[in-house]
Amino acid sequence: MRLKVNPYVWVVLSTLPVLYFIYLGTVSSLVAMGSVTPISLSDNKLLNYALTLNPSHSEGNATQALYLRNRALLPDNEDDVKDLTRSYYYWQEAITGRPLWPYYQLGALDTEYLLQAPDYVIQERLNWLMTITPNERGMDRQLLSISMLAWAKLTPDQQAWIVDRFNTANPKDQKYIHELAESYKEYVPSLNAEDFQLP
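Definitions and cut-offs
Residues numbered from 1 in each chain as written. Predicted model: local features only at pLDDT ≥ 70, side-chain atom pairs only at ≥ 80, totals over all residues. Heavy atoms only, no water. Core = buried A, V, L, I, M, F, W, Y, C linked by side-chain atoms within 4.5 Å. Buried < 20%, exposed > 50% of the residue type's maximum accessible area, 1.4 Å probe, protein only. Helix = DSSP H or I, 4+ residues; strand = E, 2+ residues; numbered from the N terminus. Contact = heavy atoms within 4.5 Å. Axes fitted to C-alpha atoms, helices over the stretch in contact; angles between N-to-C directions. Left-handed = near helix turned anticlockwise from the far one by under 90°. Polar contact = N/O pair within 3.5 Å; in protein donor to acceptor, adjacent residues only side chain to side chain. Salt bridge = Lys/Arg side-chain N within 4 Å of Asp/Glu carboxyl O. Phe/Tyr/Trp six-rings, centres within 6.5 Å; stacked < 30°, edge-to-face > 60°. Patch = residues over 30% accessible without salt bridge, like charges linked within 9 Å, V, L, I, M, F, W, Y side chains within 5 Å. Areas by Shrake-Rupley, 256 points an atom, 1.4 Å probe, with all protein chains shown as cover. Lys, Arg positive; Asp, Glu negative; His and termini not counted. Charge placed at Lys NZ, Arg CZ, Asp CG, Glu CD.

Participant: What exactly am I supposed to notice about the nonpolar core here?
Facilitator: A general trend in soluble globular proteins is that nonpolar side chains are found buried together. Core analysis: the largest hydrophobic core is formed by 28 residues, its most contacted members being Leu 143, Met 148, Trp 151 and Phe 196. Those elements giving two or more residues to this core turn out to be α5 (102–114), α6 (119–132), α7 (140–149), α8 (156–167) and α9 (171–184). If you tally residues by element for this core, the top one is α6, at five residues. Once residues lying within four places of it in the same chain are set aside, the contact partners of Trp 151 are Gln 159, Ile 162, Val 163, Val 188, Ser 190, Leu 191 and Phe 196.

Participant: What exactly am I supposed to notice about the packing of α7 against α8 here?
Facilitator: When two helices pack together, you describe them by how their axes are tilted relative to each other and by the distance separating the axes. At a minimum axis separation of 11 Å, α7 and α8 run at an interaxial angle of 145°. Viewed along their axes, α7 and α8 form a crossing whose handedness is left-handed. Touching Asp 140, Leu 143, Leu 144 and Ser 147 of α7 are Trp 161, Ile 162, Arg 165 and Phe 166, all from α8.

Participant: I keep staring at the side chain of Asn 77 and nothing clicks. Help me out?
Facilitator: By the element assignment, Asn 77 lies in the loop between α3 (58–72) and α4 (80–97). Here Asn 77 falls in the buried class, since its relative accessible area comes to 10%. Of the polar contacts made by the side chain of Asn 77, one reaches the backbone nitrogen of Asp 79; its length is 2.7 Å. What Asn 77 contacts, discounting residues up to four positions off in sequence, is Leu 41, Arg 71, Ala 72 and Asp 83.

Participant: Just to check I follow, could you spell out the pattern of salt bridges for this structure?
Facilitator: Oppositely charged side chains can pair when the atoms bearing their charge come close. Considering all chains together, one arrives at 10 salt bridges under this definition. With its nearest N and O atoms 3.3 Å apart, the salt bridge here joins Lys 153 to Asp 119. Within this pair, whereas Lys 153 is found in the loop between α7 and α8, its partner Asp 119 is found in helix α6, the two being separated by 34 residues in sequence. In this structure, Arg 165 and Asp 140 form a salt bridge, with 2.6 Å as the shortest nitrogen-oxygen distance. A residue pair is termed long-range when its members are at least 10 positions apart, and Arg 165 in helix α8 and Asp 140 in helix α7 qualify at 25 residues. The buried category is assigned to Asp 140, whose relative accessible area is 2%. Connected through salt bridges with shared partners, the residues Asp 43, Arg 71 and Asp 83 form a single ionic network.

Participant: In this structure, what is going on with the packing of aromatic side chains? I would like to understand it.
Facilitator: What describes a pair of aromatic rings is the distance from one ring centre to the other and the angle between the planes of the rings. On inspection of all chains with the given rule, the structure shows five aromatic pairs. Between Tyr 89 and Tyr 90 the ring centres are 5.2 Å apart and the planes differ by 75°, which places this aromatic pair in the edge-to-face class. Residue Tyr 90 is classed as buried on the basis of its relative accessible area of 15%. Consider the rings of Phe 166 and Phe 196, whose centres lie 5.3 Å apart with planes at 75°: the pair is edge-to-face. Of this pair, Phe 166 sits in helix α8 while Phe 196 is found in the segment after α9, placing the two residues 30 residues apart along the sequence.

Participant: Explain unusual backbone geometry to me, please; I cannot follow it from the model alone.
Facilitator: Among all residues except glycine, the phi angle is most often negative; among peptide bonds, the trans geometry is most common. If you check the backbone angles, Gln 116 has positive phi at about 55° while not being a glycine. Structurally, Gln 116 is set in the loop between α5 and α6. Given the relative accessible area of 66%, Gln 116 is considered exposed.

Participant: It is not clear to me how the environment of Ser 40 should be interpreted in this structure. Could you clarify?
Facilitator: In this structure, Ser 40 sits in the loop between α1 (7–35) and α2 (45–53). According to the relative accessible area criterion, Ser 40 is partly exposed, its value standing at 28%. Those residues within four positions of Ser 40 in sequence are excluded, and the remaining contacts are Tyr 67, Arg 71 and Leu 74.

Participant: Is there a simple way to explain the side chain of Thr 133 in this structure?
Facilitator: Along the chain, the position of Thr 133 falls in the loop between α6 and α7. Of note is the side chain of Thr 133, whose polar atom sits 2.3 Å from the backbone oxygen of Leu 129. Sequence-distant contacts of Thr 133, that is, excluding residues within four places in its chain, are made with Pro 102, Met 139 and Arg 165.

Participant: Would you explain a negative patch on the surface in this entry?
Facilitator: On the surface, a cluster of negative charge is contributed by Asp 76, Glu 78, Asp 79 and Asp 80. Assessed through its relative accessible area of 53%, Asp 76 is described here as exposed.

Function cannot be read off these values alone, since they describe shape.
The following block contains the structure:
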């Protein structure tokens, strides 16, 4: 006996892949538009909509984390710690989706520094980055600049690794980091700017 299937069922089933791709495209478009939304004290509604549709969207979570991090630094933001705490939550969500993607780990390190996390937290995050990014030179500027700001929280081995990373960076990044080290002297007394001299 041949099973008869209602033709409407076939119509519905055939449209499911199309609807799924429309859904993915909608979320990605919302994230893309949200990523260029100017930073203000208001919530980023486009990113909120995107994460409502797909709470586990890694890039959406990372973009929201960055937005909240930058909003926390606005001079008239009275909820800066709250925004940084929320930013950290979204970085963790992004990392859950893509644990080996170093740029999410770097974003989390930045937020941990801004939240004045304990030394061991900073050290654990940097150890992870040192393990997964031996050849990822595209993140040198941000990695080294955050590490220099958090210099007093790093172990001697980590400080030596950062100096070595500087010495093997490309000339443009070396110049950028050298200038940062000179400007950080006043704010980071434990940082020896002489370690970041140009060759």
